[in-house]
Each structure stands twice: as structure tokens, then as C-alpha cells.
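Tertiary structure, described
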Amino acid sequence: MGDRMRDISRRGMIGLGAGAAAALGLAACGTAQLDGPSRGGGSRSGRPGAPKHPARPIGDGSTAYTGKQPNQPKRPEPLEPGETPPQFVIFSWDGAGEVGTGLFDRFLQLAKDHDAHMTFFLSGLYLLPESKKRMYVPPNNPRGASDIGYLTDEHVKATLKLVRRAWLEGHEIGTHFNGHFCAGSGTVANWTSAQWRSEIDQAKAFVKEWRTNTGWTDLPALPFDYEKELIGGRTPCLLGQNNLLPTAKELGWRYDASSPGGRQRWPQKNQGLWDLPLQAMPFPGHTFEVLSMDYNILANQSINSTKAPSYNYPAWRTQATNSYISGFKRAYETNRAPFFIGNHFEEWNGGIYMDAVEEAFKHIAREKEKGADVRLVSFRQFVDWLDVQKPEVLTRLQSLDVGQQPAGGWKSYLGGQAA
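Residues numbered from 1 in each chain as written. Predicted model: local features only at pLDDT ≥ 70, side-chain atom pairs only at ≥ 80, totals over all residues. Heavy atoms only, no water.

Some details on the layout of surface pockets
Here the largest pocket is characterised by a volume of approximately 500 Å³. Element by element, the count of residues in the lining of the largest pocket is highest for helix α10 (residues 379–386), at 3 residues. The class makeup of the residues in the lining of the largest pocket is 6 nonpolar, 7 polar and 9 charged. (1 Å grid on protein atoms, 1.4 Å probe; cavity = no way out; pocket = protein on both sides within 12 Å on 5 of 7 lines; lining within 4 Å. Points joined across faces, edges and corners; volume = space filled by probe spheres on them. Helix = DSSP H or I, 4+ residues; strand = E, 2+ residues; numbered from the N terminus. Nonpolar A, V, L, I, M, F, W, Y, C, P; charged D, E, K, R; others polar.)

This is the structure:
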């Protein structure tokens, strides 16, 4: 993250030009809703603040059980026969570390302003001091190795504070694993299911044992049981999903967001987990589409540079913003497929992608605030909704292609499905 991750060649994703390949299989990594008619999936039920339940320390006190997570949507309910499905939009963040840019705080505040929720895929190493890096034993890589580097102690502390705040404000804390190996013989693409288990166990340990690993006593515990909180993740560079899934299923995860590129359709399950991929979305000015992640837009604009000449920035910012908005509109006006957007807390190309994400977020939130049943939610909140829908309703939704409107309108299309 930050100036620690400017060498994007390490990500194994440089050289993207144009074409359909640009939309699939490549993603860098590192570092809300209107309450539809008494439906769950995005609006918070209270105000941010400390948990009301007395904290019960877990292990060394790095984490604690504090009761049910605050600021959650109303309980999700099955769609009624003929009811129009909500438009879900899920913003997620890979790495989720604070490196002094203020971006984590910026987007927490944005979500709070619009009564929205997000998913933060935390890299476990971001809670491990560099002085303790040899505690990390990455599969097929040297002890202590990491392609994203380690945070300074001050940035680890800042990350702890923001992760705590994020959970209390209703957001989900998933995982982005640890060392982010995308190339060479140690790439996560080659890891076995057993090696993924080792990586996950270590990622969880760095979260659950940060107090022991740092020696710090002046910070409060993370207010959740990470064994129960963690139900999904996104792999580095969207690699290695096939061997990850058996382990994820064994651990009781409910979804995975690591597919190497998908389309704007209703999701299905893969090996028992909801498969929630980044999606190909319209790319204004081009005949091909681009994956719904900041880095993939960058790779089609400045190719292999994160600091291109600044005269390009205004047009690129507008193009990125309009790409996200076009993806949202296509789904909202047709098949209502959930829209998944992936991001990094990075200031690539002068921060234009952060600006584009914010503008797109505000555009979508305005639709919600004007009365549309648009739900800005976390992945956890979305799968909560999926899991209470009738199988025959999901089958009908899944049969709709990208940009396909339901035949005869929603009332007719879903009218024959049992409540």
C-alpha cells in the first residue's frame, strides 16, 4: 500500500492493453441502503457507538465478544410473489490498511453519511509489526517474505483503530490473506488447499493475537470474535480460488470474492459457497468492458504506471466515474444483478480512482435517497439476503443475462413464485 507498493510489476498484472482480457482475471490488491419496504439488506438500525453488551475478552484480549454487531439492516425477508428485487451494490476494499493517506477514514465517513455498509478485506500482516515478520511462514516463500511489505508501528495502530470503528459502524471485516504473492514459484495460484489453510490460520492469528505480537496495552480490543466474523475473502490478484474453496467450505465460510472475473448476473454457488466475482462493466469510449476494480481501470489507462502525466487525470477520472455509473445503471434498469466494486486505499494517478469511486458512490446513494430500492451493503449482508430467498426465485433471477429485462416485467416474471 501507499509508497510501499508502487512497484506494480510485483502484482503480475502489468502490460494490460485493450480487449476482453482486460476485463477478466486481473486485479491488484494491497492494502447502505434505503430500507426497501421493510426489507433487510442495508439500512442500519441504530447509531454508531460502543457495543451495549459487556465485552468478554477472547484469548489474549486482542479481540472480544461484545454482542450482536450494531448498525445492521433489518432482518432480510423473502421476496413476495411478483416483487421487484432490490438493487444491491457492494463496495469492498482489498488490504484495508491505513498508511497515513486518510483514505480509510474518508470512506468510512462517506458510508456513514449515506447510511451504507461495505466490506473490508483485511490483510493479516497489516496487524503484525515488521520487527516480528519472521512469525509469518508463507507457503512456498521464505519466512517473513511479503510482496506488499509491512506497516510501520504507527500505521498498525491506526489500522487497528479504524478496523474497530468499521465493525462498530456495521461494516464487515473479511480477509485478503497475508503476503500477496502473485508471481514466481511462490504465487498463490499454485497453493494447495492445505497451504491455503496455513495462510488463513496465520491471517486469523495476526488479528486475534495482535496484543501479544505488539506488546501494546494502550489500545482497546477489536470488538468481535474473528472466528465468527470471518465468512469470506478475496485472494491476491484473484488467483488460486479452485484450491481455496475446499478449505473455505471446511471452515464454514459462506462466500468467496476471488473469481477471476465475472459478469453482471445474479450469483450462483461454487463448491457450496456463494461466488461473488468482480464484474465486467461498460468502459466508456471502448467496445470492450473492464473489470469493476480501480486497478483494472488504471491498467487500461496508464498501462503499467501509477504516476502517469497529470494532464491525463481529468479525462481518466471522468471515464472511471462513468464506468461505475454505467455498470450500476445497466443492472438497475434491467436484471437487477448485484453490482460488486473492488478498491484499494491507494493514490494512484493523483488519487483519481478514489475520487471516481466516491463520485459513483454518491450517485448511487442519491438514487437510494430519492426512493429507489437500492441497498449499499456488505457481502455478509448480501448473502444474508440471498440465503432467505426461495430457491425457485433465485433460479429465475439467475436465468437473466447481462442487461436482460424480465419478460413481462417483474410482477409477471416473479409472480408465479411461491412466497
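Quick word on the nonpolar core
When a protein is soluble and globular, its nonpolar side chains tend to lie buried together. Ranked by size, the top nonpolar core spans 82 residues in total, and within it F91, F104, F120 and I173 carry the most contacts. Looking at this core, the element that brings in the most residues is helix α9 (residues 348–369), giving 10 residues. In this structure, F120 is in contact with W93, A96, F104, L108, A166, H171, E172, I173, G174 and F345, ignoring residues within four places of it in sequence. Ranked by size, the runner-up nonpolar core spans 25 residues in total, among them F121, L276, V377 and Y413. (Core = buried A, V, L, I, M, F, W, Y, C linked by side-chain atoms within 4.5 Å. Buried < 20%, exposed > 50% of the residue type's maximum accessible area, 1.4 Å probe, protein only. Contact = heavy atoms within 4.5 Å.)

Comments concerning the packing of helix α7 (residues 294–301) against helix α8 (residues 313–333)
In the contact formed by α7 and α8, the axes pass within 11 Å of each other and the chain directions differ by 135 degrees. Classified by the angle their axes make, α7 and α8 are oblique. As for the relative orientation of α7 and α8, their crossing is right-handed in sense. Where α7 abuts α8, its residues D294, I297 and Q301 lie against W316, Q319, A320 and Y324. Residue composition of the contact of α7 with α8, by class: 4 nonpolar, 2 polar and 1 charged. (Axes fitted to C-alpha atoms, helices over the stretch in contact; angles between N-to-C directions. Parallel < 35°, antiparallel > 145°, perpendicular 65-115°, else oblique. Left-handed = near helix turned anticlockwise from the far one by under 90°.)

Brief notes about the packing of helix α1 (residues 103–113) against α9
At a minimum axis distance of 11 Å, the contact between α1 and α9 shows a crossing angle of 5 degrees. If you check the angle between α1 and α9, you find them roughly parallel. When α1 is examined against α9, the residues L103, R106, F107, L110 and A111 are found in contact with a partner set consisting of M354, D355, V357, E358, F361 and K362. Counted by class, the contact of α1 with α9 contains 7 nonpolar, no polar and 4 charged residues.

Overview of the sheet that holds strand β6 (residues 255–256)
With mixed pairing, 3 strands are arranged side by side in an open sheet as β6-β8-β7. In this open sheet, the two strands that pair with only one neighbour each are β6 and β7 (269–270). In terms of strand pairing, β7 meets strand β8 (residues 273–275) through 2 bridges, oriented antiparallel. Bridging from a neighbouring strand, N270 pairs with L273 of β8. Taken strand by strand, helix α6 (residues 241–250) contacts β6, β7 and β8, and its axis lies near 145 degrees from that of β8. (Pairing = 2+ DSSP bridges.)

Some words on the pattern of salt bridges
In the structure shown here, the tally under the stated rule is 20 salt bridges. For E358, the salt bridge is made with R106, and the minimal N-O distance between the two is 2.7 Å. A residue pair is termed long-range when its members are at least 10 positions apart, and E358 in helix α9 and R106 in helix α1 qualify at 252 residues. Here E358 falls in the buried class, since its relative accessible area comes to 15%. (Salt bridge = Lys/Arg side-chain N within 4 Å of Asp/Glu carboxyl O.)

Observations regarding the confidence of the model for the protein
Any segment with low pLDDT has predicted coordinates that should not be analysed in fine detail. Per-residue confidence for the protein averages 90 on the pLDDT scale, and 87% of its residues sit at or above 70. Below a pLDDT of 50 lies the segment residues 1–25, which in the model reaches 88 contacts outside its immediate sequence neighbourhood of four places, other chains included. Taken together, the stretch residues 30–48 has pLDDT below 50 and engages in 104 contacts with residues farther than four places along the chain or on a different chain. (pLDDT = per-residue confidence, 0-100.)

Looking at the packing of aromatic side chains
With the rule as written, the count across this model stands at 25 aromatic pairs. Through a chain of ring-to-ring contacts, three or more aromatic side chains come together here, namely F88, F121, Y255, W266, F340, F379, F382 and W385. Over the aromatic face of W216 sits the side chain of K157, whose NZ or CZ is 4.9 Å from the ring centroid. Just above the ring of Y413 sits the side chain of R396; from NZ or CZ to the centre is 3.9 Å. (Phe/Tyr/Trp six-rings, centres within 6.5 Å; stacked < 30°, edge-to-face > 60°. Lys NZ or Arg CZ within 6 Å of the ring centre and 35° of its normal.)

Quick notes on the state of the cysteines
Enumeration over the complete set of coordinates arrives at 1 disulfide. Paired by a disulfide, C182 and C237 hold their sulfur atoms 1.8 Å apart. A torsion of 85 degrees about the S-S bond marks the disulfide between C182 and C237 as right-handed. Placement of C182 in the loop between β5 (172–175) and α3 (193–208) and of C237 in the loop between α5 (226–229) and α6 is noted, with a sequence separation of 55 residues between them. Accessibility classification places C182 together with C237 in one group, the buried group. (Disulfide = S-S within 2.5 Å.)

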